[in-house]
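# Examining the three-dimensional arrangement
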Amino acid sequence: MATFAVTDASFQSDVLDAETPVLVDFWADWCGPCKMIAPALEELSEELAGRVTIAKMDIMENPEVPGKMGVQSIPYLVLFKDGQPTANMRGAAPKGQLKSWLEGAL
């Protein structure tokens, strides 16, 4: 399963109402570190399929949810379980570090 885009309009159904944990990557097209971790997130979405879904939210096209969540710097990764944010990570990291953090948070 590849990552998928989530919007302000779909956030409730795609993330908050999801039956499995969802990792949301808040990003923007102009963000170099965001582009740097994108391939790792794609790989992790395959490796951890069934355990977690990885979604990407473009903060420029969808300002409402990031605004409510107080997103001030990107990339910003937030893990949601049962509709609640349970873990977060700011900034870019190598794939191994991302995977360790995510597995520990699941």
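Before reading further, recall that the structure is shown in the block above.
Sequence order as written defines the numbering, with residues in each chain counted from 1. Totals for whole chains, interfaces and linings use every residue, but because this is a predicted model, local features are given only for residues with pLDDT of at least 70 and side-chain atom pairs only at 80 or more, for both listing and counting. Side-chain measures here rest on the full set of heavy atoms in the structure, leaving out hydrogens and waters.

## A closer look at the overall build of the protein
Put simply, DSSP H or I for four residues or longer makes a helix, DSSP E for two residues or longer makes a strand, and each gets a number counted from the N terminus. Each helix and strand in the protein was counted, giving four helices and five strands. Its C-alpha radius of gyration of 12 Å places the protein within 12% of the 13 Å reference for a compact globule of 106 residues. Principal axes of the C-alpha set define a box for the protein whose edges measure 30 × 30 × 20 Å. Scored against the burial criterion, the 106 residues of the protein give a buried share of 46%. Per-residue accessibility takes into account occlusion by the displayed protein chains alone, with areas from the Shrake-Rupley method and a 1.4 Å probe. Carbon and sulfur atoms make up 52% of the accessible area of the protein, which totals about 5,400 Å². Under this rule, positive means Lys or Arg and negative means Asp or Glu; His and the chain ends count for nothing. Throughout, a charge is located at the NZ atom of Lys, the CZ atom of Arg, the CG atom of Asp or the CD atom of Glu. Looking at the protein, you have 8 positive and 15 negative side-chain charges, and the mean spots of the two groups are 7 Å apart. Our radius of gyration looks at C-alpha atoms and nothing else; its globule reference is 2.2 Å times the residue count to the power 0.38. A 1.4 Å probe rolled over the protein chains alone gives each residue an accessible area, and that area as a share of the maximum for its type sets the label: buried under 20%, exposed over 50%, partly exposed in between.

## Here we look at the packing of aromatic side chains
Think of it this way: a Phe, Tyr or Trp ring, Trp meaning its six-membered ring, pairs with another when their centres are within 6.5 Å, and the plane angle makes it stacked under 30 degrees, edge-to-face over 60, tilted otherwise. All chains considered together, the criterion is met by two aromatic pairs. Taking the centre distance of 5.5 Å and the plane angle of 80 degrees together, the rings of F11 and F80 count as edge-to-face. With a gap of 69 residues between them, F11 in helix α1 (residues 11-16) and F80 in strand β4 (residues 76-81) connect regions that are remote in the sequence. We note that F11, like F80, is buried. Cation over ring: K56 sits above W27, and NZ or CZ is 5.1 Å from the ring centre. For a ring to carry a charge above it, either NZ of a lysine or CZ of an arginine must fall within 6 Å of the ring centroid while also lying within 35 degrees of the normal to the ring plane.

## Brief notes about the state of the cysteines
Defined by distance alone, a disulfide is two cysteine sulfur atoms within 2.5 Å. In the structure shown here, the tally under the stated rule is one disulfide. Shown here is the disulfide that connects C31 with C34, its sulfur atoms set 2.3 Å apart. The disulfide joining C31 to C34 has a torsion of about 80 degrees about its S-S bond and is therefore right-handed. The class for C31 is buried, based on a relative accessible area of 3%. With relative accessibility at 2%, the residue C34 sits in the buried group.

## Description of helix α2 (residues 32-47)
How far a helix is expected to stretch is found by multiplying one less than its residue total by 1.5 Å. Taking 1.5 Å as the rise per residue, α2 with 16 residues should run 22 Å; its terminal C-alpha atoms sit 24 Å apart, in good agreement. Bend is computed residue by residue as the angle between axes fitted to the seven residues ending at the residue and the seven residues starting at it. If you look at α2, its biggest bend is around 35 degrees, right at A38, and the proline P39 turns up within four residues after that. Turning to α2, its buried residues number three or more, namely C34, I37, A40, L41, L44 and S45. Of the surrounding elements, those touching the buried residues of α2 are β2 (22-27), β3 (53-58), β4 and α4 (95-105). Note on definitions: a residue-residue contact is assigned when non-hydrogen atoms from the two residues lie within 4.5 Å.

## Side note on the pattern of salt bridges
Only one rule defines a salt bridge in this text: a Lys or Arg side-chain nitrogen within 4 Å of an Asp or Glu carboxyl oxygen. Scanning all chains against the criterion turns up seven salt bridges. Its salt-bridge partner being K68, residue E64 comes within 3.4 Å of it at the nearest N-O pair. Of this pair, E64 and K68 both sit in helix α3 (residues 64-69), separated by four residues, roughly a single helical turn. Here the salt bridges do not stand alone but share partners, grouping E43, E47, K95 and K99 into one network.

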